[in-house]
Amino acid sequence: MKEWHKKGQELLDQIENTTLSEDEMAIWYLGQCGFLAKKGNHTILVDPVLTDLLDAQGQTKRLYPAPFDPARLKVDTVLCTHEHRDHMCVETLQKLMEKNPDVSIIVPKGTAASLCAKGVPSRNVLGLNEKEIARTHGMRIQTVQTAHPVHVKNDMEQDLNLAYYVDLSGVNFLHLGDTYLTEKLLSDLKELDGVDVLMSPINGQDFYRTARGCIGNLSGLETAVLAKELQASLTIPTHYDMMRGNTCSVLEFVESMASHYSQGKLALPALGERILVKKEKVIEED
């Protein structure tokens, strides 16, 4: 079982007490596709899974436990890329709202009604379609339609799967959620105004996972080449370490970065590790 670099009250205290200059952003890796970013006094979560995930037999699907009770975390905004439970975890969202009753939860527009039907108040939920922009707590959040596994909208022409490009007053990150790489996605991403931190899935796709109904993602090679196409300053792999039966090695990604984008920086943060980011500069810290 993987161990947390920091967890519990120690991790919560570090998040709360981290102070940043105007051109800095702090990022914590929370497993799977989950990240917490902080800029100034504001915090934003992406695809948080901070509660257990059980299968039909009542067995956990997690390979390691959550780091803390989400009801203890202060957060302003939550982004969920799509409706799968390892990205939009209703139990986690409900727990977060115990401490943060006014939290903004941003989701693909085609999933908003379903989320509210599961008990999340509609006043907290904002549904967006592709190429829309939301502004909150000094952050600019721009959406890009992803392909999971293809580009698709529901019958009301509402999006079901999104990536988020988040500009935190001068430093930004791009979180792809789950997606295949397509010509449309690549074209849309190239329209963005530079990428400081790219968070991209690397678990790929293969015959056996597809046969059991497990939708794939970009591979480590595709992520490295995409990072080069976007000239990302820092690339962090996601979606490779938490879900039983859907893990992969990071070696292909690391080797592909060395082969295809050696000038690009990469980070493999430990669970609960903090990374400080400035324009053109990355500092890894405990």
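Residues numbered from 1 in each chain as written. Predicted model: local features only at pLDDT ≥ 70, side-chain atom pairs only at ≥ 80, totals over all residues. Heavy atoms only, no water.

## With respect to the sheet that holds strand β11 (residues 197-201)
Strands belonging to one sheet form pairs held by backbone hydrogen bonds; the direction of such a pair is parallel or antiparallel. Read from one edge of the open sheet, seven strands run β7-β8-β9-β10-β11-β12-β13, paired in mixed fashion. With one partner strand each, in any of the chains shown, β7 (133-136) and β13 (265-266) form the two edges of the open sheet. In the sheet, β11 pairs with strand β12 (residues 234-238) via five bridges, with the strands oriented parallel. Note that in β12 the partner of V197 across the bridge is L234. Sheet contacts for helix α4 (residues 183-190): β8 (139-145) and β10 (171-175); angle to β8, the most-contacted strand, approximately 155 degrees. (Pairing = 2+ DSSP bridges. Helix = DSSP H or I, 4+ residues; strand = E, 2+ residues; numbered from the N terminus. Contact = heavy atoms within 4.5 Å. Axes fitted to C-alpha atoms, helices over the stretch in contact; angles between N-to-C directions.)

## Re the packing of aromatic side chains
The tally for this structure, following the rule as stated, stands at three aromatic pairs. With a centroid separation of 5.2 Å and an interplanar angle of 85 degrees, the aromatic rings of F207 and Y208 are classed as edge-to-face. Of the residues examined, F207 reaches a relative accessible area of 63% and is grouped as exposed. (Phe/Tyr/Trp six-rings, centres within 6.5 Å; stacked < 30°, edge-to-face > 60°. Buried < 20%, exposed > 50% of the residue type's maximum accessible area, 1.4 Å probe, protein only.)

## Here we look at the environment of Q14
Among the secondary structure elements, Q14 is positioned in helix α1 (residues 8-17). Placed 12 residues apart in sequence, Q14 and K2 show a C-alpha to C-alpha distance of 21 Å. Beyond its immediate chain neighbours, meaning those up to four positions away, Q14 contacts K6, W28, G272, R274 and D286.

## Brief notes about helix α2 (residues 90-99)
Taken as a whole, α2 has its buried residues at V90, T92, L93, L96 and M97. The arc that holds every buried residue of α2, seen down its axis, measures 155 degrees, which confines them to one face. For α2, the secondary structure elements touched by its buried residues are β3 (42-46), β4 (77-79), β5 (104-108) and α3 (109-117). (Arc of directions from axis to C-beta.)

## Brief notes about the environment of L128
Looking at the secondary structure, you find L128 in strand β6 (residues 125-128). L128 sits 16 residues away from A112 along the chain, and the two C-alpha atoms are 8.8 Å apart. With sequence-adjacent residues up to four places away left out, L128 is seen in contact with I106, V107, P108, K109, A134, T143, D159 and L162.

## Topic: the pattern of salt bridges
Under the criterion given, the structure shown has 11 salt bridges. D241 is the salt-bridge partner of K2, the closest N and O atoms lying 3.0 Å from each other. A residue pair is termed long-range when its members are at least 10 positions apart, and K2 in the segment before α1 and D241 in the loop between β12 and α7 (251-260) qualify at 239 residues. Accessibility expressed as a relative area gives 37% for K2, which makes it partly exposed. The exposure class of D241 is buried, given its relative accessible area of 6%. Two residues, D206 and R209, come together in a salt bridge whose shortest N-O distance is 2.8 Å. Linked by salt bridges that have partners in common, E130, K131, K153, D159, K184 and D188 make up one network. (Salt bridge = Lys/Arg side-chain N within 4 Å of Asp/Glu carboxyl O.)

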